[in-house]
Every structure is written in structure tokens, then in C-alpha cells.
Amino acid sequence: MVQQAMSSPWLYVALFALALLDGFFPIVPAETSVITAGVFAATGETNLALVIVVAALGAFAGDHISYLIGNKTGRRLRDKKAFVWARNALAERGGLVLVVARYIPGGRTATTLTMGAVRHPLRSFTFFDAIAAISWGVYSGLIGFFGGMAFENDPIKGLLLGLGIALSVTAIVEIVRWVRKRRAIQASPEGLPADTSV
């Protein structure tokens, strides 16, 4: 049944829709769907290039919808914890945070909403979001594809490998972010260690 779904031309419409919805409704399993389609690309059931393109276009469109929602409802979001985090990160690093946030569950939505709410220039948002969406589509599709190649005769094992790699990368990103945050807390506002006494 899964193989029938993967060989259907409607798969690409579904991938686009899931990636779009994931931009402002983060519980949608867009990444899992793209990885799954990538796994089946290794067996010829799907077209890898098309999987990547429709996933990236859907993510790009969904992020812009999230930006517009933030732009229209910014006042209501200003007290939210995720909004405060994203606003501070945006002030420090500009559009680069948008690219990184695409790989952090929940972070992408908070960031795109915030960029809309603080009225970050749309041209800059579009530029960085294109980088984020394309890199995410390539990353998700290739993880599935190489997982599928490793287990060409058993796509389920390939899917599990692809999901395992994606979760591992997410965990590493979160650990690095946590360590950096801890170091920042321990440093003084001037960037020197908080306790300089010997």
C-alpha cells in the first residue's frame, strides 16, 4: 500500500501541501514525508529531484504564510516565550537564524512568525527563506535517498535509518544550541567570564 502511494502522481501534491502546512502548523509530519519519499526514490518509485523541488516550494510558501500571520497578529504574540527567543536571536544574527531555525522543531514557526511581527524586510526574509527551504528539501530528500540505497531491498529499514539520521542531526543541533546558551549565561554582558577572580 505504501509503494502504491509512493508511485502515485498525487504524492507530489501531498508533499507540497504537507511542507506548506508545516510552515505555520508545526505538528504536520512534513520532514518524515519527504524522507519517506526519498527512501522510495532509491528504488525508483519516486523522482528524487521532484521530491526535493516540491518540498522546498511547499516549505517556502508555508514560511511566507507564517510571516504574513505574524505580520497581522504581531501584537498578540509579543508575550509568547518562543516569540521572545526568536526576536532576540533575530536581533543578534539577522536572517541567518531563519536558515538555522528550519532544522529546529518549532523554531522555524516561531522565527517566521516573529520576522513577520517585527516587520523584518520582506526581501531579506525571502532571500534567506529560499536558502532555508532549498537546503531543507535537499537535506530531507537525500537522507531518505541514501537510507533507501543502503537497504534497497527493505525500504522500511531505509526509512528507519533516514529518520534516525534526521533525529540525530536535530539532537546535535539542540545540544550545540544548549551548550552555547549555557556559555552565554556564564559570560558577563561585556563578553568576559562572569567571575574573573583567581
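What you see is a predicted model, and the numbers here were worked out from it, not measured in a lab.

Reading the values: rules and limits
- Residues numbered from 1 in each chain as written.
- Predicted model: local features only at pLDDT ≥ 70, side-chain atom pairs only at ≥ 80, totals over all residues.
- Heavy atoms only, no water.
- Helix = DSSP H or I, 4+ residues; strand = E, 2+ residues; numbered from the N terminus.
- Buried < 20%, exposed > 50% of the residue type's maximum accessible area, 1.4 Å probe, protein only.
- Contact = heavy atoms within 4.5 Å.
- Areas by Shrake-Rupley, 256 points an atom, 1.4 Å probe, with all protein chains shown as cover.
- Phe/Tyr/Trp six-rings, centres within 6.5 Å; stacked < 30°, edge-to-face > 60°.
- Lys NZ or Arg CZ within 6 Å of the ring centre and 35° of its normal.
- Salt bridge = Lys/Arg side-chain N within 4 Å of Asp/Glu carboxyl O.
- Core = buried A, V, L, I, M, F, W, Y, C linked by side-chain atoms within 4.5 Å.
- Axes fitted to C-alpha atoms, helices over the stretch in contact; angles between N-to-C directions.
- Parallel < 35°, antiparallel > 145°, perpendicular 65-115°, else oblique.
- Left-handed = near helix turned anticlockwise from the far one by under 90°.
- Nonpolar A, V, L, I, M, F, W, Y, C, P; charged D, E, K, R; others polar.

What follows is about the overall build of the protein chain. When helices and strands are counted, the protein chain shows nine helices and zero strands. In sequence order, the protein chain lays out its α and β elements as α-α-α-α-α-α-α-α-α. Considering the protein chain as a whole, with its 198 residues, one finds that 42% of them fall into the buried category. Contacts in the protein chain between residues far apart in sequence, at least 24 positions, make up 76% of those at least 6 positions apart. As displayed, the protein chain has an accessible area near 11,300 Å², and 67% of this comes from carbon and sulfur atoms.

Centre distance and the angle of the planes are the two values used to describe a pair of aromatic rings. For the coordinates displayed, the defined rule picks out three aromatic pairs. Ring centres of Phe127 and Phe128 lie 5.2 Å apart, and the angle between their planes is 80°; this geometry places the pair in the edge-to-face category. Using a relative accessible area of 53% as the deciding quantity, one classes Phe127 as exposed. For Phe128, a relative accessible area of 23% gives the class partly exposed. With 5.6 Å between their ring centres and 70° between their planes, Phe145 and Phe146 make a pair best called edge-to-face. Its guanidinium or amino end placed over the ring of Trp136, Arg102 lies 5.0 Å from that ring's centre, counting from NZ or CZ.

Glancing now at the pattern of salt bridges. Tallied over the entire structure, the rule returns three salt bridges. Linking Arg108 and Asp22 is a salt bridge whose minimum nitrogen-to-oxygen distance equals 2.2 Å. With a gap of 86 residues between them, Arg108 in helix H7 (residues 107-117) and Asp22 in helix H2 (residues 10-22) connect regions that are remote in the sequence. Each member of the pair Arg108 and Asp22 is classed as buried. Members of the salt-bridge network, linked through shared partners, are Asp22, Glu31 and Arg108.

Let us look at the nonpolar core. One finds Leu11, Tyr12, Leu15, Val34, Ala37, Val51 and Trp136 to be the most contacted residues of the largest nonpolar core, which totals 17 residues. At the level of elements, H2, helix H3 (30-41), helix H4 (48-77) and helix H8 (122-150) are the ones that each hand at least two residues to this core. If you look at the next biggest cluster of nonpolar residues, it comprises six residues, including Tyr67, Leu90, Val97 and Phe125.

Next up on the list: the packing of H2 against H3. Two elements in contact, H2 and H3, have axes whose closest approach is 8 Å; the angle formed by their N-to-C orientations is 150°. Taken together, the axes of H2 and H3 lie roughly antiparallel to each other. At the point where H2 passes H3, the crossing takes the left-handed sense. Residues Leu11, Leu15, Leu18, Ala19 and Asp22 of H2 pack against Ala30, Ser33, Val34 and Ala37 of H3. Considered class by class, the residues forming the contact of H2 with H3 number seven nonpolar, one polar and one charged.

Here Arg119, not a glycine, exhibits a phi torsion of approximately 55°, which is positive. Counting through the fold element by element, Arg119 comes out in the loop between H7 and H8.

Glancing now at H7. When you tally the buried positions in H7, you get eleven out of eleven residues, the bulk of the element. The positive-phi residue at the C-terminal boundary of H7 is Arg119, with phi of around 55°.

Bear in mind that shape data such as this cannot, by itself, settle questions of function.
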